[in-house]
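# Residue-level structure breakdown
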Amino acid sequence: MKRIMVFGTFDMLHEGHLDFFRQARALVPVPRLIVSVARDSAVARVKGGAPRRRELERLALVEACDLVDEATLGDEEGYMAHIKLFEPDVIALGYDQRGEYVDHLEGDLGSAGLETKVVRLKPYHPEIYKTSRLSGT
């Protein structure tokens, strides 16, 4: 069994997120999908505003998804502490995930002694299935 880790805010779960989870699971024959749900403080810092739902609500939403084997809250600061805890074989990034952590991820993984492969997943109808479009924010 290989551990695949993905990250996101997940203010709602829509077909784009479900496809994201399916693509991540399809990367290996016997997957264990670990979903890291961004902390409220991290969402505010990265996106410039609070998420629509509190972190525990978002965590519960992700935990209830049949495609997810394990859900966890991300780190308050940084991102490597919980990545090291889970030691994923693969980190799958969404097509639109950008920013400092993405830019430095492979180097930080190597510095931490992890041989985690990083892959970028494909969009799934982003003109329709994007949380900002669906929620009007």
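This section reports on the structure supplied with the text. (Residues numbered from 1 in each chain as written. Predicted model: local features only at pLDDT ≥ 70, side-chain atom pairs only at ≥ 80, totals over all residues. Heavy atoms only, no water.)

The way to describe two aromatic rings as a pair is by their centre distance and the angle between their planes. Under the counting rule described, the total for this entry stands at four aromatic pairs. Ring centres 6.0 Å apart and planes at 35° place the aromatic pair phenylalanine 20 and phenylalanine 21 in the tilted group. The structure contains a cluster of three or more aromatic residues connected by ring pairs, namely Phe7, Tyr79 and Tyr101. (Phe/Tyr/Trp six-rings, centres within 6.5 Å; stacked < 30°, edge-to-face > 60°.)

What follows is about the sheet that holds strand E2 (residues 31-37). Taken in spatial order, the five strands line up as E3-E2-E1-E4-E5 in an open sheet, and their pairing is parallel. Because the sheet does not close on itself, it has two edges, and the strands there are strand E3 (70-73) and strand E5 (117-120). On average, each strand axis in the sheet is inclined to that of its neighbour by 25°, with strand direction left out of account. Each of E2 and E3 touches helix H3 (residues 55-63); the most contacted strand, E3, lies at about 170° to it. (Pairing = 2+ DSSP bridges. Helix = DSSP H or I, 4+ residues; strand = E, 2+ residues; numbered from the N terminus. Axes fitted to C-alpha atoms, helices over the stretch in contact; angles between N-to-C directions. Contact = heavy atoms within 4.5 Å.)

Attention now goes to the pattern of salt bridges. By the definition in use, this model includes eight salt bridges. Residue arginine 45 pairs with glutamate 77 through a salt bridge whose shortest N-O separation is 3.6 Å. Placement of arginine 45 in helix H2 (residues 40-47) and of glutamate 77 in the loop between E3 and helix H4 (80-86) is noted, with a sequence separation of 32 residues between them. One salt-bridge network, in which partners are shared between bridges, spans Arg39, Glu55 and Glu76. (Salt bridge = Lys/Arg side-chain N within 4 Å of Asp/Glu carboxyl O.)

Residue position: aspartate 19 is located in helix H1 (residues 15-25). For the pair aspartate 19 and histidine 125, spaced 106 residues apart in the sequence, the C-alpha separation amounts to 9.9 Å. When neighbours within four sequence positions are excluded, aspartate 19 is seen to be in contact with Lys122 and Tyr124.

Another point: the nonpolar core. Judged by nonpolar contacts, the single largest core of 20 residues is most densely connected at Val6, Phe21, Leu33, Val35 and Val68. Looking at this core, the elements that each hand over two or more residues are strand E1 (2-8), H1, E2, H3, E3 and strand E4 (90-93). Leaving out residues up to four positions away in the same chain, leucine 33 has contacts with Ile4, Val6, Phe21, Ala24, Arg25, Leu67, Val68, Asp69 and Glu70. Judged by nonpolar contacts, the second largest core, of 14 residues, contains Tyr79, Met80, Phe86 and Val118. (Core = buried A, V, L, I, M, F, W, Y, C linked by side-chain atoms within 4.5 Å. Buried < 20%, exposed > 50% of the residue type's maximum accessible area, 1.4 Å probe, protein only.)

Our next topic: helix H5 (residues 100-111). Taking 1.5 Å per residue as the helical rise, H5 with its 12 residues ought to reach 16 Å, and the 16 Å between its terminal C-alpha atoms agrees with that figure. Listed as buried for H5 are Val102, Leu105 and Leu109. Buried residues along H5 cover an arc of 15° about the axis, so they all sit on one side. Along H5, the residues that are exposed and aim more than 90 degrees away from the buried face are Glu100, Asp103 and Ser111. The inward-facing, buried residues of H5 abut H4, E4 and E5. Just past H5, the residue glycine 113 takes up positive phi, approximately 80°. (Expected span 1.5 Å × (residues − 1). Arc of directions from axis to C-beta.)

Next up on the list: the environment of alanine 71. For alanine 71, the position within the fold is in strand E3. Along the sequence, alanine 71 and methionine 5 sit 66 residues apart, while their C-alpha atoms lie 9.5 Å from each other. The contact partners of alanine 71, leaving out residues within four places of it in the chain, are Val35, Leu59, Val62 and Glu63.

As far as function goes, none of this settles anything; it's purely spatial.
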